[in-house]
Amino acid sequence: MDFTYTQDQKSFRDAVRAAFMVEATPDVVREGWEHASGVAPALEALIAEQGLTALSVPEVFGGLGLSDTDWALLTQEFGYYAVPDALLTTSYPAACLIRELPDAANRQQAWLPALSEGRLSVAVGHPLSPLVGDADSADLLLLWHEDEVHAVWRADVDITPVASVDPSRRLCRVSWNPSSASRVADAGAGRELWQRLADRMALAIAGEQLGLTQRVLDLAIDYTAQRKQFGKPIGSFQAVKHLLADVAVKGEFAKPVFNRAAYALEHGHPNAGAYVSHARLACGDAAWLAARNGIQVHGAIGYTWECDLQIFMKRIWALESAWGDAAYHKARVADWVLADGAAGPGVTFA
Amino acid sequence: MDFTYTQDQKSFRDAVRAAFMVEATPDVVREGWEHASGVAPALEALIAEQGLTALSVPEVFGGLGLSDTDWALLTQEFGYYAVPDALLTTSYPAACLIRELPDAANRQQAWLPALSEGRLSVAVGHPLSPLVGDADSADLLLLWHEDEVHAVWRADVDITPVASVDPSRRLCRVSWNPSSASRVADAGAGRELWQRLADRMALAIAGEQLGLTQRVLDLAIDYTAQRKQFGKPIGSFQAVKHLLADVAVKGEFAKPVFNRAAYALEHGHPNAGAYVSHARLACGDAAWLAARNGIQVHGAIGYTWECDLQIFMKRIWALESAWGDAAYHKARVADWVLADGAAGPGVTFA
Amino acid sequence: MDLNYTPAQQAFRAQVRAWMRENVPGELPDYDTWEGFEAHRAWERKLGDSGWGMVTWPEALGGRGCDLIEWLIFEEEYYAAGAPLRLNQNGIFLLGPTLMEFGTDAQKARFLPRMARCDDMWAQAWSEPGAGSDMAAIRTTAYRDGNHYVINGQKTWSTRARWADWIFGLFRTEQGSQRHHGLSYLLVPLDLPGITVRPIRQLNGLAGFAEIFFDEVRVPVDNRLGDEGEGWAVAMATAGFERGLMLRSPARYQATARRLAALYHAHPDAARRDPALRDRVAAALAATEAYALSTYRTVSQLQAGGRIGPEASTSKIFWSELDLALHEAALAILGKEAELDTPEARRWMEGFMFAQAGPIYAGSNEIQRNIIAERMLGLPR
Amino acid sequence: MDLNYTPAQQAFRAQVRAWMRENVPGELPDYDTWEGFEAHRAWERKLGDSGWGMVTWPEALGGRGCDLIEWLIFEEEYYAAGAPLRLNQNGIFLLGPTLMEFGTDAQKARFLPRMARCDDMWAQAWSEPGAGSDMAAIRTTAYRDGNHYVINGQKTWSTRARWADWIFGLFRTEQGSQRHHGLSYLLVPLDLPGITVRPIRQLNGLAGFAEIFFDEVRVPVDNRLGDEGEGWAVAMATAGFERGLMLRSPARYQATARRLAALYHAHPDAARRDPALRDRVAAALAATEAYALSTYRTVSQLQAGGRIGPEASTSKIFWSELDLALHEAALAILGKEAELDTPEARRWMEGFMFAQAGPIYAGSNEIQRNIIAERMLGLPR
């Protein structure tokens, strides 16, 4: 029974963190808002250079073959730095989906190395996220149709971008016509592939939410420790302390829930879906409270465009219902915890 | 548009308050716990002396003929002093029910003056409150059966007392056999009588909850203003202040909801039932929070039998689901506010 | 107790309703844009010209001498008709009542009629970089030079100051004075030499407020409201109005609540998928009713000769949390749509972002809870 | 990361389960009655005699040398079998670990084996009438007289002290010292001359705690834990255990959660009448899972060489609010039944009343939030 990450996992996370700390500053995130891709050129270059598009591609195809628990650490960094979506909406799910496609050695050979090297951008569309992230800058789209997986080139779809409250996000309505030519997995195989993909995406969002919670907390701590009113830092007032302590409590207790979900997903645990939903709810609650209490302790300055807090709040608001809204995740959690003998001692872990 | 009570109403309330302040002290309430009736003899004597059993009996039968808004003020005092239930479970509802019985001049003549003079004690049983309050000390019981009203003498029923968490309450399971001889109103007339009675009882409980909220607040203010920790009164700590301010906010906004319900009930407003349920929820929420935050600011002393806080907390806990639980009241409120054009400007008042 | 409207009040309601039906414009552009500002100002002028600018003021000052119940009725019909937020709200709801109480006859005649038709657009100027929740820490000075005050310093978080003609605020007129002593309440035209207005963009990217810099700005002594050095008491009266009745009449929330109910009914699938949603929506709608009832109750008490006391702070907390609850419920119904820039979702998300400011401005809810605890409940400071 | 139990751990679980199945008694009377106390002590003795008194201690001291994962497994099986709360919990969970860290070998040998089988029943003696949340305000003195300390003063809120044989607590051994300086951690038998124990009745009418008066009570110097005047650091370690792992292992809440789920299923009408109930119950059950996971995570970190830091305060807040949420959900399901003295309702109402104490004792949740803010988040004092 060991909840800790390996030294390798932490080192890799630290390397990514170090890169983001320098290259994904709030100014860079803001710069991305002005670009069609949502990502500033320098950050796009960093992603290419660091080979971040190769993370989930199996090693035989030139990738790093990261596991779900590897990713669990990284997604927190994506959230902490509010790195624009593109990587998490394209190469991550695309690689996961393609590598698991049945009877698709040719396609895997054609697509995975290209994906890995950043030569191919692949977007993914599923009913839980009906607007396709970064479809407008993708070459290829992997789309759900009645549980089948279809692969469609961009020329063959109509794309209408729809702005999000978070200017980093690039969501698109996609209309297209499924055909037997575009089908790359049938419904029998697809059902399981899509479910695993949807769980992976939900987990990635939970990780972002954890990172966002921590970032808002850090911003709020910095601000309230230096901002003075009534002759002392406002962070010394009990009301301010308790608003932030409440966020810390929620964040602290979301972490192990998140870690369990990642582990269960990686090991194909039969309850993985419910665990992921539990993580999404716990991490989402923490993030939502972080945004509310974060702006509250900032006061008016937190309401301004100039204050970097907005970057993280808007991401929190935007992700709230992404890849499954509260109704979806609550229902999965309730079905699980209310089933006979499903939760509790000796069942929590197998 | 006038939300204020008349001077007469306030004077009468003040007189009752003055009597309770002296005669319904916490010690007297505790003394009642040792008596079969739940009421200390001195308090029972006061109730008889002051003619409190006559309040709802029409003047022609020797009573005071109080209206629902008159009662709205009094029930808050009953709550504030945690006066044992007996009056609110017997003479109040019984007088309301009997005076409205159709074609019952003889019974009214026989029962109302006796009720008014305290010679007759009448308990009331209804599905919203299936355990009959103070049935064991009643002479007569007015009981619901398929919307009919039945009047049964105590000799004709079996009574099993069931203790409540609040030692002042005297709840009884009553088993009996309805017969045409015991029926005093048929279902056609009874339906409306019972609904109005149930709403009156729910409103009375809402009033008690308001009074209880204020009492717990007063106890907490007294305690936290004098109790010192870290060299100053704990009431000067922001966390303690805010716990009590939150209670004050809930209480303040429950009051007008409660007043509207009383007014609507008195004037037969078609929405009266929903307004009463709204009052029950608003007042109940305030009281529940008062109990929680009240014991929290008291600390360990609030957890003791000796501390009077327990009297009021236990009443709050006991009344939470009396005469309609949250599910019942929430459903009535939701049906009302979600109906087309039911709530809002120009509809709030007629 | 009498919770009925009088026939006269009902007639008044009908009159407002009829006028609004004829005159309310379609949706205007955001008033934090230049185009939107002009459109809103035109609407305010139309209101003013028809005597609806601020109905509680005397006719001679641009109003129609209504009582507070009529004012509530006016607001209800105003928002029920889909009319826009009041552009000049800091003027008519905050400075207006303060002028009524502390202004000289000359000041009232000079400022109120023009305010009622938005000939003068007003912004508040309380906060400074070092004086937010702690308003008594004000440092911007106004030294006396003959018949003028000369202002130096900086104000901030001045809502819509970018478009305003005038500001009102507190300035330190007594050199070396401390805290709430030695402050005066001044009315300052923004076109004076030495004033620089720097817009501040808010969450939605629009410049909803501004910083104002003062460099030797000369204001006539006549522009002082109340006595010299007694500005704090005047400002507290303004703050009372702000927390109390005027700034947040229930009608806005009732309009939001109606939209929420409609949204709920329009999304039966959301209610089916999340059975707890009905509770949440119903609770927010019921709380909106509670807020309306509470306001009528306050007006009753004022009409019976009472005054607004520290319990007004409970109102500030209640409406700001209500506004959040209404918008959060709507976002929950919208689910995946909530983040999108579609007409329906955009309006709710904008409202949600605006609601974030509720627990912060006009005295943060933490300050309000202190006030409730200390002044209403009597807890030690 | 490896979230599986090892075969050895699974075998251990099976062993505990089998023993419990054979030995767990039926429902015992409340341990705050004399009869209940005796019944509970007999059970503790049985546990101790079979090596289950405190499994994490070395065999030589009455335990079985288990690691913390095994301890969690033990607790899970203990409560899953319906075994009663641990009578001597202040001893085994608070003083025990403190003795392990600060005790001399002689003290360990003297106290731990007897504690493990409840030959000595222990109570804590921290609080005083003027020192609750502000524990450093302790005034009870213990002056040195040769090889003895002589204690004078008063302690209060000592849980189950009415039945206890010994207490542990902090006493001011340096005359005139201030706050957390000059305090020593002493172990005091309650049968010494000069000690008066006055029971205090709690909400349910039973004397769950007591005041203890000391009048020239002579305690040998050997009964001091840690150095003279260094009691605060020792006590902080105890407080750390209290907030942290030991006092509230997840198993109790998991047992309550199972009862809640059963209650929910047994009252389908309640769920039908209040569609939001499912959410509420599911959220409480999921939070129980989160608490269990968090505890395993903490143990992982300890086994990897970490220490329990200020984040333990988050745990205190979480379990106390969880306990309230579980019981409040149960009362909502019970509805009208909740207040009644029926077997099912009584147990939930008693548990609910007990849960009221959670956010108060072991350092109130307000104090915990201060600790989180100052020590974990680094906000200024």
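For chain C, the name recorded in an unreviewed UniProt entry is Acyl-CoA dehydrogenase, with Crenobacter caeni as its organism. Heading Sequence similarities (unreviewed entry) of the UniProt record for chain C holds this comment: "Belongs to the acyl-CoA dehydrogenase family."

Looking at an unreviewed UniProt entry, one finds chain A named Acyl-CoA/acyl-ACP dehydrogenase and attributed to Crenobacter caeni. Here is the UniProt Cofactor (unreviewed entry) comment for chain A, exactly as written: "FAD". Database annotation for chain A, UniProt heading Sequence similarities (unreviewed entry): "Belongs to the acyl-CoA dehydrogenase family."

### Things to note about the overall build of chain C
If you tally the helices and strands in chain C, you get 12 helices and 8 strands. Relative to its length of 381 residues, chain C is compact, with a C-alpha radius of gyration of 21 Å against a globular reference of 21 Å. With respect to the three principal axes, the spread of C-alpha positions in chain C is 70 × 50 × 45 Å. Taking all 381 residues of chain C together, the buried fraction comes to 61%. When the accessible area of chain C is evaluated, it comes to approximately 13,900 Å², of which 50% is carbon and sulfur surface. Across chain C, the mean location of the 41 positive side-chain charges is 1 Å away from that of the 48 negative side-chain charges.

### Focus on the overall build of chain A
Within chain A, the secondary structure is distributed over 12 helices and 9 strands. Relative to a compact globule of 350 residues, whose C-alpha radius of gyration would be 20 Å, chain A shows 20 Å and is just as compact. On the principal axes, the C-alpha backbone points of chain A span a range of 70 × 50 × 35 Å. For chain A, the residues scored as buried account for 65% of the 350 residues in total. A total of about 11,800 Å² of accessible surface is found on chain A, and carbon and sulfur atoms cover 51% of it. Distance from the positive charge centre (29 side chains) to the negative charge centre (42 side chains) of chain A: 7 Å.

### Quick notes on the domain arrangement of chain C
All names here are of chain C. Domain annotation for chain C reports domain 1 (7-87), domain 2 (123-229) and domain 3 (248-376). Spacing between the C-alpha centres of domain 1 and domain 2 amounts to 29 Å. With 9 residues of domain 1 at the interface, the matching set in domain 2 holds 9 residues. Together, the buried faces of domain 1 and domain 2 total about 740 Å²; carbon and sulfur atoms form 51% of this surface. Viewed at the interface, domain 2 and domain 1 are joined by 1 salt bridge. Arg41 serves as the salt-bridge partner of Asp165, at 3.2 Å between the closest nitrogen and oxygen. For the pair domain 1 and domain 2, the number of links is 5 residue pairs in polar contact (both at pLDDT 80 or more). Taken together, the residues that form the side of domain 1 that touches domain 2 break down as 4 nonpolar, 1 polar and 4 charged.

### Details of the UniProt feature "domain: Acyl-CoA dehydrogenase/oxidase C-terminal" (unreviewed entry) in chain A
In this numbering, the UniProt entry assigns the feature "domain: Acyl-CoA dehydrogenase/oxidase C-terminal" (unreviewed entry) to residues 190-337 of chain A. Within residues 190-337 of chain A, the helical portion is 78% and the strand portion 3%, while the C-alpha atoms at the span's ends are 27 Å from each other.

### A look at the pairing of strand S6 (residues 171-175) of chain A
For strand S2 (residues 132-133) of chain A and S6(A), the ladder comprises 2 bridges, and the chain directions are antiparallel. Bridge pairing links Gly133(A) to Leu171(A) in S6(A).

### Quick look at helix H12 (residues 365-376) of chain C
Residues and elements named next belong to chain C. The buried fraction of H12 amounts to 10 of the 12 residues, a majority that puts the element mostly inside the structure. If you check which residues of H12 are buried, you get Asn365, Glu366, Ile367, Gln368, Arg369, Asn370, Ile371, Ile372, Ala373 and Glu374. Looking one or two residues beyond H12, the residue adopting positive phi is Gly378, at roughly 75°.

### Let's talk about the packing of helix H7 (residues 251-266) of chain D against helix H9 (residues 277-303) of chain D
Residues and elements named next belong to chain D. Across the interface, H7 lies against H9 with an axial gap of 10 Å and an inter-helix angle of 160°. Considered as vectors, H7 and H9 are oriented roughly antiparallel to each other. Here H7 and H9 pass one another in a crossing that is left-handed. Listed contacts from H9 to Tyr253, Gln254, Ala257, Leu260, Ala261 and Tyr264 of H7 are Leu277, Arg278, Val281, Ala284, Leu285, Thr288, Glu289, Tyr291 and Ala292. Of the residues in the contact of H7 with H9, the class split is 11 nonpolar, 2 polar and 2 charged.

### A short note on the side chain of His298(A)
All names here are of chain A. Within the fold, His298 resides in helix H10 (residues 272-298). Residue class for His298 comes out buried when judged on its relative accessible area of 6%. Within the structure, His298 has its side chain in polar contact with the backbone oxygen of Gly294 (distance 2.9 Å). Once you skip the residues sitting within four places of it in the chain, His298 turns out to touch Leu219, Ala220, Tyr223, Cys307 and Leu309.

### Thoughts on the interface of chain C and chain B
Facing 46 residues of chain C, the contacting portion of chain B comprises 44 residues. Both faces considered, chain C and chain B share a buried interface measuring about 4,400 Å² in area, 67% of it formed by carbon and sulfur atoms. Between chain C and chain B we count 6 salt bridges in total. Our enumeration of links across chain C and chain B arrives at 18 residue pairs in polar contact (both at pLDDT 80 or more). Of all the elements in the fold, those that place two or more residues in the side of chain C that touches chain B are helix H1 (7-23), helix H3 (68-80), helix H7 (251-266), helix H9 (277-303), helix H10 (312-334) and H12 of chain C.

### Considering the nonpolar core
Grouped together as the largest cluster of nonpolar side chains are 439 residues, with contacts concentrated most on Trp317(A), Trp317(B), Tyr185(C), Leu260(C), Tyr185(D) and Leu260(D). The dominant element in this core, judged by the number of residues it contributes, is helix H8 (residues 187-226) of chain B, at 18 residues. Apart from residues lying up to four places away in sequence, Trp317(A) is in contact with Trp288(A), Ala291(A), Leu203(C), Met349(C), Phe352(C), Met353(C) and Gln356(C).

### Describing the side chain of Arg297(C)
Mapped onto the secondary structure, Arg297(C) falls in helix H9. The residues touching Arg297(C), leaving out its near neighbours within four places in the chain, are Phe3(B), Glu252(B), Lys255(B), Pro256(B) and Asn259(B).

### Considerations on the packing of aromatic side chains
Scanning all chains against the criterion turns up 76 aromatic pairs over all chains. Seen from their ring centres, Phe253(A) and Phe318(D) are 3.9 Å apart, and the 5° between their planes marks the pair as stacked. Separated into two different chains, Phe253(A) in helix H9 (residues 238-266) and Phe318(D) in helix H10 (residues 312-334) make up a pair that spans both. Take Phe318(D): its relative accessible area is 17%, and that puts it in the buried class. Grouping aromatic residues by their ring pairs yields a cluster made of Phe12(C), Trp19(C), Trp43(C), Trp52(C), Phe74(C), Tyr78(C) and Tyr79(C). Across from the ring centre of Trp52(C), 3.5 Å away, lies the NZ or CZ of Arg64(C), which sits over that ring. If you follow Lys155(C) out to its NZ or CZ, it ends over the ring of Phe171(C), 5.0 Å from the centre.

### Considering the sheet that holds strand S5 (residues 158-162) of chain A
All names here are of chain A. On the basis of which strands lie adjacent, the open sheet formed by 3 strands has the order S2-S6-S5 and antiparallel pairing. The open sheet is flanked by S2 and S5, the only strands paired with a single partner. Pairing analysis gives 5 bridges linking S5 to S6, with the strands arranged antiparallel. Within S6, the position partnered with Asp158 by the bridge is Ser175.

### Quick look at the state of the cysteines
All told, the structure shown has 0 disulfides over all chains when counted by the stated rule. In this model Cys118(D) remains outside any disulfide bridge; the closest cysteine sulfur is found in Cys66(D), 20 Å from its own.

### Observations regarding the UniProt feature "domain: Acyl-CoA dehydrogenase/oxidase N-terminal" (unreviewed entry) in chain A
The UniProt record marks residues 6-118 of chain A with the feature "domain: Acyl-CoA dehydrogenase/oxidase N-terminal" (unreviewed entry), using the residue numbering of this structure. Strand forms 0% of residues 6-118 of chain A and helix 64%; the C-alpha atoms that close the span are 28 Å apart.

### Some words on the interface of chain A and chain D
Listed by partner, the interface residues are 44 residues for chain A and 47 residues for chain D. Roughly 4,400 Å² is buried in total at the junction of chain A and chain D, and carbon and sulfur atoms are behind 67% of that figure. When the buried surface of chain A facing chain D is broken down by residue, Met1(A), Phe253(A) and Leu338(A) rank first, second and third, together holding 20% of it. For the pair chain A and chain D, the interface holds 6 salt bridges.

### Points about the sheet that holds strand S3 (residues 140-145) of chain B
Residues and elements named next belong to chain B. The mixed open sheet is built from 4 strands, whose spatial order is S1-S3-S4-S7. Pairing within the sheet leaves two strands with one partner each, and these edge strands are strand S1 (122-125) and strand S7 (183-185). Averaged over all neighbouring strand pairs, the angle between strand axes comes to 30°, with direction disregarded. Relative to strand S4 (residues 148-153), S3 is paired through 6 bridges, and the arrangement is antiparallel. For Leu143, the partnering residue across the bridge sits in S4 and is His150. Strand contacts of helix H7 (residues 105-116): S1, S3, S4 and S7, with the helix running at about 90° to S7, the strand carrying the most contacts. Sheet strands in contact with H8 are S1, S3, S4 and S7, and its direction is about 80° off that of S4.

Cut-offs applied
- Residues numbered from 1 in each chain as written.
- Chains lettered and ligands numbered in written order.
- Predicted model: local features only at pLDDT ≥ 70, side-chain atom pairs only at ≥ 80, totals over all residues.
- Heavy atoms only, no water.
- UniProt positions renumbered as here; feature names shortened; annotations may be inferred.
- Helix = DSSP H or I, 4+ residues; strand = E, 2+ residues; numbered from the N terminus.
- Rg over C-alpha atoms; globule rule 2.2 N^0.38 Å.
- Buried < 20%, exposed > 50% of the residue type's maximum accessible area, 1.4 Å probe, protein only.
- Areas by Shrake-Rupley, 256 points an atom, 1.4 Å probe, with all protein chains shown as cover.
- Lys, Arg positive; Asp, Glu negative; His and termini not counted.
- Charge placed at Lys NZ, Arg CZ, Asp CG, Glu CD.
- Domains from an automatic or database assignment.
- Contact = heavy atoms within 4.5 Å.
- Buried area = accessible area lost by both parts, 1.4 Å probe.
- Salt bridge = Lys/Arg side-chain N within 4 Å of Asp/Glu carboxyl O.
- Polar contact = N/O pair within 3.5 Å; in protein donor to acceptor, adjacent residues only side chain to side chain.
- Nonpolar A, V, L, I, M, F, W, Y, C, P; charged D, E, K, R; others polar.
- Pairing = 2+ DSSP bridges.
- Axes fitted to C-alpha atoms, helices over the stretch in contact; angles between N-to-C directions.
- Parallel < 35°, antiparallel > 145°, perpendicular 65-115°, else oblique.
- Left-handed = near helix turned anticlockwise from the far one by under 90°.
- Core = buried A, V, L, I, M, F, W, Y, C linked by side-chain atoms within 4.5 Å.
- Phe/Tyr/Trp six-rings, centres within 6.5 Å; stacked < 30°, edge-to-face > 60°.
- Lys NZ or Arg CZ within 6 Å of the ring centre and 35° of its normal.
- Disulfide = S-S within 2.5 Å.

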